[in-house]
Amino acid sequence: MENRSYVGGDETTWNADTLPVGGLAGSHHHQHQSHHAQNYTTIDLKTPTADDKPPLREKWGRNIEFLLSCVALSVGFGNVWRFPYTAFKNGGGAFVIPYLIVLFIIGRPIYYLEMVLGQFSNRGCVKVYDLAPAMRGIGVGQTVAIFTVITYYTSVLAVTLRYLIASFSPELPWSKCDPAWDNCVDSSRLGSLTVDANWTQPRTSADLYFRKTVMHSADSLDDGLGFPDWRLTLCLIVSWICIVAILIKGIKSSGKVSYFLAIFPYIIIAVLLVRSLTLEGAWNGIKYFFEPQWDKLLTIEVWYEAVTQCFFSLTICFGGLIVYSSFNDFSNNIYRHALIITSLDTVTSLVAGCVVFGVIGHLAHVTGQPDISKVVQSGPALTFITYPDTIAKFDFLPQFFSVLFFFMLFLLGIGTLIGIVTSVITAIHDQRPDIARWKIVISVGVAGFCIGLIYITPGGLIILELLDYYGATLVTITLAVFELLTFAWIYGVNRVCKDIEFMLGIKTGLFWRICWGIVTPITVLFILLVSLVQYKPQDVPLGYNALGWCLYAFAVLQLPCWAAYAMLQKQGLVWWERCKAVLRPMADWGPEDPTKRSEYGTFIDEYKRQSSQRAETLVEKVRRRLFK
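So, a few notes on the structure that sits alongside this text. Quick caveat: nothing in here was measured; it's all calculated off a predicted structure.

### Focus: the packing of helix H6 (residues 205–214) against helix H13 (residues 383–392)
For step 1, the next point in the chain: Remark: H6 packs on H13, axes separated minimally by 8 Å, with the N-to-C direction vectors making an angle of 135 degrees. Considering the angle they form, H6 stands oblique to H13. Two packed elements cross with a definite hand, and for H6 against H13 that hand is right-handed. Contacts between H6 and H13 pair Ala206, Asp207, Phe210 and Arg211 from the former with Phe384, Ile385, Pro388 and Asp389 from the latter.
For step 2, the next point in the chain: Along the lines of polarity and charge, the residues of the contact of H6 with H13 split into five nonpolar, no polar and three charged.

Put into structure tokens, the structure is as follows:
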């Protein structure tokens, strides 16, 4: 049964199923209803029967499965693959401090907020906007952004699988230089290198193996993208088969897999950390990673990158957390889970950074390069250069540790992708429950595979950075502003806090209220505006930048389009009444269980009755919106 909100009717049509939750309770509301009765038209909102009630949402088998699935979702490619190259690109220590600040005032508050609303409503990333139907386009736009991320995350997963297979070779293929490579240094080399004055800066065999053997990378897009590598194509097929196989039976099967996906990678990361720290010159790299560069802290670019990395690292404002939380039991203690996962995510990012920067410090020692920032090229390839280089230097069974590492990285990627693909599947299934879930899963897999072929072409890494900027990063920050506006001010911080009190029986502290209502939205809005003002086109042909802006526009314009659609659905009302109607919660907003929803309606009615007993100034209304 499609959810619909109240749009009007005469006094005799009011009943528990047509009233918005907490709405029109008490004499004041009845007077208001009578005054405007002539402006309303009646719509068919019948009392649901056992036959037309939607089935209860599928649930996690155990709470620990939810916790581990969130760990697998948030602790993944964003930490081990994206964080190190973003930190390296932005000056190491110049990036870490803003990143930690942003995690505290933006990442953790949004993480908790999304978990709250997902669990409270048992709705996906689109249907959660039943709390303000005009804003449903935010969820649709976020689904577009997360699908963009899915397409290139699976290509990274394919590259990981390619390395995993290569790790079974008698000798690691990237440990030695190919005779055709110029200015190459063996990655297995442990001693320092004396560089002749006539040489250009040497590059490691791990670097050249990735660029020349695996990706066949092009330096620019002037000659087009080229054709996908057939080996990577096969790996991409296998990657999608793994994802589809896990998801095709629903959330309970993916919950069982989370035990392995969330725990095993930490064992391998610990082994790599120990090895990285024992490499000669490693501490110079780690010093570069943590030592602040105070002049760069004043540049908006570093803060912009910190905010975007926060979104990718925690996987917030993409819809995945809302979806995962929507499969929870209503009384699950997500406050504790939010603190555990965000803390673990931060530690994982820092540990992964130590591993990568320890290797970079060692590479600087080997190649005789005093400037660590010039040792390797930054970008998506960084992880596939530094980690293999570390493994090549293992004295004992490097193939064994290589298999463990790339198997670990593959599991991290699978864990992240299961969560974000689930958000897309759920968004579609919530809108079209008549379509069998397995059909949606297979359709998403086929579409993702076809688009993912772009990234495994010679020009694929350039396209990856382009679409990551326009289709994922810029879209996510833009829609994050509207998400926070909707949750904190249209729905209201006070209403969110009352929902938490009803659901968990706890009062919400001042830190969360101030972050949700003031600090977080203002910070994200400021970062967005400055990034747009200081926009510089990507270093690609003009047509590719135009394509990026088209993708951005397609995602962001979902918001006004869906708002206009919601307005048009409200027939028989004057325009200002339509605006009010589409910004109020729908009739069935609240807990999934009918008994709980009835109790919640009484709970909110009492709260609204107490809040509307006296006239308020604008300042008092704002104060109540945040603190009461």
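Following the structure, the description resumes.
### A closer look at the side chain of Ser239
For step 1, the next point in the chain: Structurally, the position occupied by Ser239 is in helix H7 (residues 230–247).
For step 2, the next point in the chain: Reaching out from Ser239, the side chain makes a polar contact with the backbone oxygen of Cys235 at a distance of 2.8 Å.
For step 3, the next point in the chain: Among residues more than four places away in sequence, those in contact with Ser239 are Thr154, Leu157, Ala158, Leu161, Phe410 and Ile414.

### Some details on the environment of Ser187
For step 1, the next point in the chain: Inspection of the secondary structure puts Ser187 in the loop between strand S1 (184–185) and strand S2 (203–204).
For step 2, the next point in the chain: Judged by its relative accessible area of 0%, Ser187 falls in the buried class.
For step 3, the next point in the chain: Residues Ser187 and Ile385 lie 198 residues apart in sequence; the distance between their C-alpha atoms is 9.7 Å.
For step 4, the next point in the chain: There is a polar contact of 2.9 Å between the side chain of Ser187 and the backbone nitrogen of Ala206.

### Quick look at a nonpolar patch on the surface
For step 1, the next point in the chain: The grouping of Trp230, Leu234, Ile237 and Ile241 at the surface amounts to a nonpolar patch, some 420 Å² of accessible area in total.
For step 2, the next point in the chain: The residue Ile241 is located in helix H7 in this model.

### Some words on the state of the cysteines
For step 1, the next point in the chain: For the coordinates displayed, the defined rule picks out one disulfide.
For step 2, the next point in the chain: The side chain of Cys177 participates in a disulfide bridge whose partner is Cys184; the two sulfur atoms lie 1.9 Å from each other. Because the torsion about its S-S bond is -85 degrees, the bridge between Cys177 and Cys184 counts as left-handed.
For step 3, the next point in the chain: Here Cys177 falls in the partly exposed class, since its relative accessible area comes to 24%.
For step 4, the next point in the chain: According to the relative accessible area criterion, Cys184 is buried, its value standing at 17%.

### Side note on the packing of helix H4 (residues 93–121) against helix H16 (residues 460–504)
For step 1, the next point in the chain: The geometry of H4 relative to H16 is characterised by a closest axis approach of 10 Å and an angle of 65 degrees between their N-to-C directions. Compared by their axis directions, H4 and H16 come out roughly perpendicular. By crossing handedness, the relation of H4 to H16 is classed as left-handed. Each of Ile110, Tyr112, Leu113, Glu114, Val116, Leu117, Gln119 and Phe120 in H4 lies in contact with H16, whose residues at this interface are Glu483, Leu484, Phe487, Tyr491, Val496, Asp499, Ile500, Phe502, Met503 and Leu504.
For step 2, the next point in the chain: Along the lines of polarity and charge, the residues of the contact of H4 with H16 split into 14 nonpolar, one polar and three charged.

### Observations concerning unusual backbone geometry
For step 1, the next point in the chain: A positive phi is found at Asn183, a non-glycine position, where the angle reads about 50 degrees.
For step 2, the next point in the chain: Of the residues examined, Asn183 reaches a relative accessible area of 29% and is grouped as partly exposed.

### Concerning the pattern of salt bridges
It is possible for side chains bearing opposite charge to pair when their charged atoms get close.
For step 1, the next point in the chain: With the rule as written, the count across this model stands at 13 salt bridges.
For step 2, the next point in the chain: Salt-bridge contacts for Arg82 lead to Asp468; the nearest nitrogen and oxygen are separated by 3.0 Å. Linking Arg82 in helix H3 (residues 77–89) with Asp468 in helix H16, this pair joins segments that are 386 residues apart in sequence. Pair check on accessibility: Arg82 and Asp468 agree, each one buried.
For step 3, the next point in the chain: For the salt bridge of Glu501 with Lys507, the shortest nitrogen-to-oxygen distance reads 3.3 Å.
For step 4, the next point in the chain: We classify Lys507 as exposed; its relative accessible area is 67%.
For step 5, the next point in the chain: One salt-bridge network, held together by shared partners, links Arg123, Lys127, Asp130, Arg136 and Asp588.

### Some remarks on the packing of aromatic side chains
For step 1, the next point in the chain: Taken as a whole and assessed by the stated rule, the structure comprises 42 aromatic pairs.
For step 2, the next point in the chain: Ring geometry for Tyr469 and Tyr535: centres 6.4 Å apart, planes at 20 degrees, overall stacked. A residue pair is termed long-range when its members are at least 10 positions apart, and Tyr469 in helix H16 and Tyr535 in the loop between helix H17 (510–533) and helix H18 (542–556) qualify at 66 residues.
For step 3, the next point in the chain: The class of Tyr469 is buried, set by a relative accessible area of 14%.
For step 4, the next point in the chain: Here Tyr535 falls in the partly exposed class, since its relative accessible area comes to 23%.
For step 5, the next point in the chain: Grouping aromatic residues by their ring pairs yields a cluster made of Phe83, Phe88, Phe95, Tyr99, Tyr288, Phe289, Phe290 and Phe357.
For step 6, the next point in the chain: Over the face of the ring belonging to Phe312 we find Arg82, whose NZ or CZ atom lies 3.9 Å from the ring centre.

### Points about the environment of Arg123
For step 1, the next point in the chain: For Arg123, the position within the fold is in the loop between H4 and helix H5 (136–166).
For step 2, the next point in the chain: Along the backbone, Arg123 and Tyr324 are 201 residues apart, and their C-alpha atoms lie at a distance of 9.7 Å.
For step 3, the next point in the chain: Of the polar contacts made by the side chain of Arg123, one reaches the backbone oxygen of Ser121; its length is 3.0 Å.
For step 4, the next point in the chain: For Arg123, the side chain forms a polar contact with the main-chain oxygen of Gly590, separated by 3.4 Å.

Conventions used here
- Residues numbered from 1 in each chain as written.
- Predicted model: local features only at pLDDT ≥ 70, side-chain atom pairs only at ≥ 80, totals over all residues.
- Heavy atoms only, no water.
- Axes fitted to C-alpha atoms, helices over the stretch in contact; angles between N-to-C directions.
- Helix = DSSP H or I, 4+ residues; strand = E, 2+ residues; numbered from the N terminus.
- Parallel < 35°, antiparallel > 145°, perpendicular 65-115°, else oblique.
- Left-handed = near helix turned anticlockwise from the far one by under 90°.
- Contact = heavy atoms within 4.5 Å.
- Nonpolar A, V, L, I, M, F, W, Y, C, P; charged D, E, K, R; others polar.
- Polar contact = N/O pair within 3.5 Å; in protein donor to acceptor, adjacent residues only side chain to side chain.
- Buried < 20%, exposed > 50% of the residue type's maximum accessible area, 1.4 Å probe, protein only.
- Patch = residues over 30% accessible without salt bridge, like charges linked within 9 Å, V, L, I, M, F, W, Y side chains within 5 Å.
- Areas by Shrake-Rupley, 256 points an atom, 1.4 Å probe, with all protein chains shown as cover.
- Salt bridge = Lys/Arg side-chain N within 4 Å of Asp/Glu carboxyl O.
- Disulfide = S-S within 2.5 Å.
- Phe/Tyr/Trp six-rings, centres within 6.5 Å; stacked < 30°, edge-to-face > 60°.
- Lys NZ or Arg CZ within 6 Å of the ring centre and 35° of its normal.

Functional significance is not addressed by these values, which are geometric in nature.
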